[in-house]
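# Chains, contacts and geometry: an overview
One-letter residues, chain by chain:
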Amino acid sequence: NRLQTPAWFFALLLLTGVWKCTEILVFIAGSQRSIAWPHDDDGVLHGPPIAQSTDSDRLPHLRRTRRHMDSPLNDVTNVPIPTHEDGSALSLEERLRYLELKTNAHFNFGAHPFFGNEIHGKCARVTDLKEYGCVEGNEGYNAALKPNDDQNCPGLFDHQICLDRLPEPHDQPSNSCLIYDFGIRKQPEFGKAMATVFGCEVHAFDPSPVSTRWWEAGKRGGTSAELHDMQNYHFHPYGAGGVDGDLELNEYDWGQVSIINYPNFKVDCTQSTGENCELNNVGDQRKKFKLPVKTLPTIMKELGHEGRTIDVLKIDVEGSEFAFLENIFDRTGGCPDFIEQVSVEWHHMPWDVRYGEGSSPSINVMATLLHTCGLKMFWRHMSGGWPSNQKIFQDLDMKDVRYSLASFNREHWTENEK
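The sections below set out a description of the structure shown in this document. (Residues numbered from 1 in each chain as written. Predicted model: local features only at pLDDT ≥ 70, side-chain atom pairs only at ≥ 80, totals over all residues. Heavy atoms only, no water.)

What follows deals with a nonpolar patch on the surface. A cluster of nonpolar residues, Phe265, Val267 and Leu279, forms a patch on the protein surface that exposes about 310 Å² of accessible area. Structurally, Leu279 is set in strand E10 (residues 278-281). (Patch = residues over 30% accessible without salt bridge, like charges linked within 9 Å, V, L, I, M, F, W, Y side chains within 5 Å. Areas by Shrake-Rupley, 256 points an atom, 1.4 Å probe, with all protein chains shown as cover. Salt bridge = Lys/Arg side-chain N within 4 Å of Asp/Glu carboxyl O. Helix = DSSP H or I, 4+ residues; strand = E, 2+ residues; numbered from the N terminus.)

Interaxial distance between helix H3 (residues 92-106) and helix H10 (residues 361-372) falls to 7 Å at its minimum, and their mutual angle equals 145°. With respect to the hand of their crossing, H3 and H10 are arranged in right-handed fashion. When H3 is examined against H10, the residues Tyr98, Leu101, Lys102, Ala105 and His106 are found in contact with a partner set consisting of Pro361, Ser362, Asn364, Val365, Thr368, Leu369 and Thr372. Taken together, the residues that form the contact of H3 with H10 break down as 6 nonpolar, 5 polar and 1 charged. (Axes fitted to C-alpha atoms, helices over the stretch in contact; angles between N-to-C directions. Left-handed = near helix turned anticlockwise from the far one by under 90°. Contact = heavy atoms within 4.5 Å. Nonpolar A, V, L, I, M, F, W, Y, C, P; charged D, E, K, R; others polar.)

The 4 strands are arranged E6-E11-E7-E8 in an open sheet whose pairing can be described as mixed. Single-partner strands in this sheet number two, and they are strand E6 (239-240) and strand E8 (257-258). Here strand E7 (residues 245-251) runs beside E8; their pairing, made up of 2 bridges, is antiparallel. Counterpart to Asn250 in the pairing with E8 is Ser258. (Pairing = 2+ DSSP bridges.)

What follows covers a negative patch on the surface. Together, Glu85, Asp86, Glu306 and Asp337 make up a region of like negative charge exposed at the surface. Position of Glu85 relative to the elements: it lies in the loop between helix H2 (60-69) and H3. (Lys, Arg positive; Asp, Glu negative; His and termini not counted. Charge placed at Lys NZ, Arg CZ, Asp CG, Glu CD.)

Below, the discussion takes up H3. In a regular helix each residue adds 1.5 Å, so 15 residues correspond to 21 Å; H3 covers 21 Å between its end C-alpha atoms and thus fits that length. Among all positions of H3, only Tyr98, Leu101 and Ala105 are buried. Buried residues of H3, viewed axially, fall in a sector of 60°; they line one side. Residues Glu93 and Leu96 are exposed on H3 and point more than 90 degrees away from its buried face. Next to the buried residues of H3 lie helix H9 (321-330) and H10. The positive-phi residue at the C-terminal boundary of H3 is Asn108, with phi of around 55°. (Expected span 1.5 Å × (residues − 1). Buried < 20%, exposed > 50% of the residue type's maximum accessible area, 1.4 Å probe, protein only. Arc of directions from axis to C-beta.)

A few words on the environment of Thr332. Relative to the assigned elements, Thr332 resides in the loop between H9 and strand E13 (341-347). Residues Thr332 and Thr83, 249 residues apart in the sequence, show an inter-C-alpha distance of 6.1 Å. Ignoring any residue separated from it by four or fewer positions in sequence, one finds Thr332 in contact with Thr83, His84, Glu85 and Phe338. From its side chain, Thr332 meets the backbone oxygen of Ile328 in a polar contact 2.7 Å long. (Polar contact = N/O pair within 3.5 Å; in protein donor to acceptor, adjacent residues only side chain to side chain.)

Shown next, in the form of structure tokens:
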């Protein structure tokens, strides 16, 4: 005779399954609850607060999850927990998609391994501002050369912007556009043109000693004296960073500072006759500086610009652009929708060895996130950028040091313009 399972057994099994499914649904609903996460006075973000009485009090597996919320897994010392611009938490779906965009773009696990090098945006009026700023009386101008000659005002107008949605040139300050100019050394031509020709409110930032000395000299009649007298041009002696506070920066070319570190050891095989080469301690002889840097949300808050639109965000900060942009994305839920244009110089980026020139994991991430937010690349300097020709990088085997320039804008096309 075959054994027969009693009906009550199946009923009990069904009830147990329903109970377990209910636990899972309660957990998922709690995970997606939108809450505001607290900050210290210094702006440090902590994890989500734990309610005093929740479903986890009576569900053992949720009590384990609750303990983990207070564990080191919730530490934000190095990896911040992304939030919306107002500090509220992202939903579980938003966090997963944000993570997916970052990781897949970096690992080139996507449709376009050269995405960060491809033009996807449109702009009818692209300019490097040379036509407005490389004029008689300004630094670098050579009357013997044509205004658009590459040798006229060399290196002063490298960044391209889109004029489609900016005010028309005029003489009087209007503050109808807001420009942030990060990294100027002592060459403020970009910001000066935006302030004098377009009447924009311009804020320039640079902590480099060469920049702060140049600005201070203007108070005594130096070359920055004209900018001191302009009501819509403002200089700030701090830099762009992924954190707020003092950062150790290194001496760089042209008197600037950079976050990049040089290696202390170098392999030298020129005198080797055996199996091993010499390992030489070359040291890092460059000067180091403790200089103030700030994140974009902090800067906008301190300057009273919260709620305003940044019409052009120009970034040329010798390698700190990655940490600076990463913080912007993390603090805006992956989408800084208050920025209309970004013009950036990329520094020290490597290539993906599988695809070669033009496929940079570091740039692919930034370009992907900007594109997802509506900021599409409408210009880049050249395909793949260019390698550094500085001898020190070759001497120290830092042969993958490259640079490039790119510009992104938020399109506002009408049906007739598309």
